[in-house]
Amino acid sequence: MRKRNRKTLPEKVVDAIELPKEIVLSVPKITVLAGKEAFVENYKGIIELSREKIRLYTGAGVLCLTGTGLDISAITDEDISILGSIDKIEFE
């Protein structure tokens, strides 16, 4: 039996008007450069901040970045740039 790929109404609207999904659906967009920098768009807030772990609240849940020497290099209301040696990125 084949599974149908059912889209929600907001997903159908995004596809129809061709807007970036991360903007309309409030989900984060994560860009990682060589394991040394992560740029997270559409985060909602910082839950935990240390040199080994940064936890961010996002529209898709809690995003956890772990590594060594982690530091915030730039931050706005919606975007955050993290520098350091990033070992793992996962949703909790």
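Above this text sits the structure in question.
Remember, it's a predicted structure, so these values are computed and weren't measured experimentally. (Residues numbered from 1 in each chain as written. Predicted model: local features only at pLDDT ≥ 70, side-chain atom pairs only at ≥ 80, totals over all residues. Heavy atoms only, no water.)

### Concerning the sheet that holds strand β2 (residues 37-41)
Across the sheet, which stays open at both edges, the six strands sit in the order β1-β2-β6-β5-β4-β3 with antiparallel pairing between neighbours. Every other strand in the sheet has two partners, leaving β1 (29-33) and β3 (43-49) as the edge strands with one partner each. The sheet shows a mean angle of 45 degrees between the axes of neighbouring strands, taken without regard to direction. By the bridge criterion, five bridges tie β1 to β2 in an arrangement that is antiparallel. Pairing of V32 across the sheet is with A38, part of β2. (Pairing = 2+ DSSP bridges. Helix = DSSP H or I, 4+ residues; strand = E, 2+ residues; numbered from the N terminus. Axes fitted to C-alpha atoms, helices over the stretch in contact; angles between N-to-C directions.)

### A closer look at the pattern of salt bridges
Using the criterion set out here, one finds three salt bridges in the structure. A salt bridge links E90 to K88; the shortest N-O distance between them is 3.7 Å. A residue is classified by how much of its surface remains accessible, and K88, at 43% relative accessible area, is partly exposed. A network of salt bridges, in which partner residues are shared, links E48, R55 and E92. (Salt bridge = Lys/Arg side-chain N within 4 Å of Asp/Glu carboxyl O. Buried < 20%, exposed > 50% of the residue type's maximum accessible area, 1.4 Å probe, protein only.)

### With respect to a nonpolar patch on the surface
A cluster of nonpolar side chains, namely I30, V32, I89 and F91, defines an oily patch on the protein surface of about 300 Å² accessible area. Looking at the nonpolar patch, the elements that each hand over two or more residues are β1 and β6 (79-91). Examined against the element boundaries, I89 turns out to sit in strand β6. A residue is classified by how much of its surface remains accessible, and I89, at 32% relative accessible area, is partly exposed. (Patch = residues over 30% accessible without salt bridge, like charges linked within 9 Å, V, L, I, M, F, W, Y side chains within 5 Å. Areas by Shrake-Rupley, 256 points an atom, 1.4 Å probe, with all protein chains shown as cover.)

Purely spatial values, then, with no claim about function.
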